[in-house]
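# Analysis of the macromolecular model
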Amino acid sequence: MARTQKNKATAHHLGLLKARLAKLRRELITPKGGSGGGAGEGFDVAKTGDARIGFVGFPSVGKSTLLSNLAGVYSEVAAYEFTTLTTVPGVIRYKGAKIQLLDLPGIIEGAKDGKGRGRQVIAVARTCNLILIVLDVLKPLGHKKLIEHELEGFGIRLNKKPPNIGFKKKDKGGINFTATCSQSELDLETVKSILAEYKIHNADVTLRSDCTADDLIDVVEGNRVYIPCIYVLNKIDQISIEELDIIYKVPHCVPISAHHRWNFDDLLERIWDYLHLVRIYTKPKGQLPDYTAPVVLPDGRTAVEDFCMKIHKNLIKEFKYALVWGTSVKHNPQKVGKDHILEDEDVIQLVKK
C-alpha cells in the first residue's frame, strides 16, 4: 500500500487492500478456535462504580504512582519496568460519583499481536469508559503515536464519533448504495469491492457524511469501540516553564506530576468533562432533596425510565409519574412521564401507583 500512489484511479485498489488488511487483522485478534487451554489467572476486574477508567502507557511512566496518589490504593512502585503485572483496581469519589480506576500493566510495541500479555491488557482497556494514556514528558511524543497504533489495531477508536453510516445486510437485491452528501473517497465500485472482500453481496449502505474506506470497514466489522481519551503527561517536575507552555497547547492533554501531586484537580475536572455523567438528586415527599448521594447515569441513557431501572427494576411497574425540578423542565416542579430526558443536577421525586 505504501508503494501505491494515491489518486482516483487507484482508490478502488487501495480500498480493496484496506479491507483485506482489516480482515486479516481481525483474524489475528480472534484466532480460530483451538483446544481450550486451562483458565489462566484472571486479568479483568469486576466492574464497580458509575464509570471505569483505564491507565494505558509504556512501562515506568508513572501509572502506579498516579493510581496510588489519586485513589490511595497501594499499587507496587519500583524503579524497574513491568513492576505491575496484573490489573490493580482503585476507586475515587468525585462529585458524588464512584469512579473505578484501573492500573494496567505497561504495554510495549507489538502488544496488539500478543507481546508481553498485551492482548489481555488492551482487552481490559476496551471495557473502560475513558482511557488515560500516561506519557513521560522526557520521552519523545512518538510514544503517543505508538500507543494509539496499538489500541487502533485492537479495534479501539480514540476521541472519535462512530461514523454516520447506515449498513444493513439483506438476503437478495444486490448492493443498494446511497450517499446524502458528496463523497471524496467512496463510490459504488469501491464500496462493492470492500463488501465483496467480506463476502457480502446484498446490503443497503447509506453514507450520511463524507466517509473514508476505513470508516466503512469499521462499520462492517462492527466490533469497534469508541472511547474518549486523555493524554496525561507525567513528570512535569523535570522540565522548564517554557516547555510546559508548549505542552498545554496539545489537544486532549493534561500535564501532571504524579509524584508531587501537581495539577490533579485539573485532571479530575477534565476526566469529569470527558465522562459526561449525569447526576440526579432524589427527593422524598415532604423533605429536602438529598444532595449528598446522587444517582449517577451515563450520558445517552438519562430518561426517567433509566433512572428507575438504576434504583430497582420493579420501580418501573409501579411508576405513575415523576416531579422534576431543574434545567430539563420548563416549570418547577413539572409532572413528567417515564420518557422525559433528565439533565445534570436535576432533582426528582417519584410518585407510585
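My aim in this report is to walk through the structure given alongside it, one point at a time.

Thresholds applied
- Residues numbered from 1 in each chain as written.
- Predicted model: local features only at pLDDT ≥ 70, side-chain atom pairs only at ≥ 80, totals over all residues.
- Heavy atoms only, no water.
- Salt bridge = Lys/Arg side-chain N within 4 Å of Asp/Glu carboxyl O.
- Helix = DSSP H or I, 4+ residues; strand = E, 2+ residues; numbered from the N terminus.
- Buried < 20%, exposed > 50% of the residue type's maximum accessible area, 1.4 Å probe, protein only.
- Contact = heavy atoms within 4.5 Å.
- 1 Å grid on protein atoms, 1.4 Å probe; cavity = no way out; pocket = protein on both sides within 12 Å on 5 of 7 lines; lining within 4 Å.
- Points joined across faces, edges and corners; volume = space filled by probe spheres on them.
- Nonpolar A, V, L, I, M, F, W, Y, C, P; charged D, E, K, R; others polar.
- Domains from an automatic or database assignment.
- Core = buried A, V, L, I, M, F, W, Y, C linked by side-chain atoms within 4.5 Å.
- Pairing = 2+ DSSP bridges.
- Axes fitted to C-alpha atoms, helices over the stretch in contact; angles between N-to-C directions.
- Left-handed = near helix turned anticlockwise from the far one by under 90°.
- Polar contact = N/O pair within 3.5 Å; in protein donor to acceptor, adjacent residues only side chain to side chain.

### Thoughts on the pattern of salt bridges
Two side chains that carry opposite charge are able to pair once their charged atoms sit near each other. On inspection of all chains with the given rule, the structure shows five salt bridges. For R279, the salt bridge goes to D344, with nearest N and O atoms at 3.2 Å. Remark: D344 occurs in the loop between β15 (334-336) and β16 (346-352) and R279 occurs in strand β12 (residues 278-282); sequence separation between them is 65 residues. The exposure class assigned to D344 is partly exposed, which follows from its relative accessible area of 31%.

### With respect to the environment of Y281
Within the secondary structure layout, Y281 lies in strand β12. For Y281, a relative accessible area of 7% translates into the label buried. Between the C-alpha atom of Y281 and that of Y291, which follows or precedes it by ten residues, the distance is 6.0 Å. Apart from residues no more than four positions distant in its own chain, Y281 is found in contact with D290, Y291, P294, E345, D346, V347 and I348.

### Considering the layout of surface pockets
In this structure, the largest pocket encloses a volume near 650 Å³. Around the largest pocket, the lining comprises 24 residues; the ones closest to its centre are N129, P228, Y274, L275 and D299. Broken down by secondary-structure element, the contributors of at least two residues to the lining of the largest pocket are β1 (51-56), β9 (225-227) and α8 (264-275). A breakdown of the residues in the lining of the largest pocket according to their chemical character gives ten nonpolar, six polar and eight charged. Both of domain 1 (51-160 + 225-275) and domain 3 (278-352) provide at least three residues apiece to the lining of the largest pocket.

### Structural notes on the nonpolar core
By size, the foremost hydrophobic cluster in this structure holds 58 residues, and its most contacted members are I53, F55, L66, L101, I131 and I133. The element that contributes the greatest number of residues to this core is α8, accounting for seven residues. Listed in part, the 18 residues of the second largest apolar core include I194, A203, C211 and I217.

### Here we look at the sheet that holds strand β2 (residues 88-94)
Taken in spatial order, the six strands of this open sheet run β2-β3-β1-β4-β10-β11, and their pairing is mixed. On the outer flanks of this sheet lie β2 and β11 (253-255), each paired with one strand and no other. The average undirected angle you get between the axes of adjacent strands in this sheet is 25°. When strand β10 (residues 229-234) meets β11, the two strands line up parallel, connected through three bridges. Residue pairing for β11: L233 is matched across the bridge by P255. The sheet strands contacting helix α4 (residues 142-152) are β1, β4 (130-136) and β10, and the helix crosses β4 at an angle near 145°. Where α8 meets the sheet, it contacts β1, β2, β3 (97-103), β4, β10 and β11, and its direction lies at approximately 170° from that of β10.

### A word on the packing of helix α5 (residues 188-197) against helix α6 (residues 213-221)
Packing of α5 against α6 brings their axes to within 11 Å, and their N-to-C directions diverge by 40°. The way α5 lies across α6 gives a crossing that is right-handed. Residue-level contacts link V191, I194 and L195 of α5 to A213, L216, I217 and V220 of α6.

### A few points about the side chain of E148
Mapped onto the fold, E148 is located in helix α4. Engagement of the side chain of E148 in a polar contact is seen with the side chain of Y231, the distance being 2.4 Å. Sequence-distant contacts of E148, defined by excluding residues within four places in its chain, comprise L158 and Y231.

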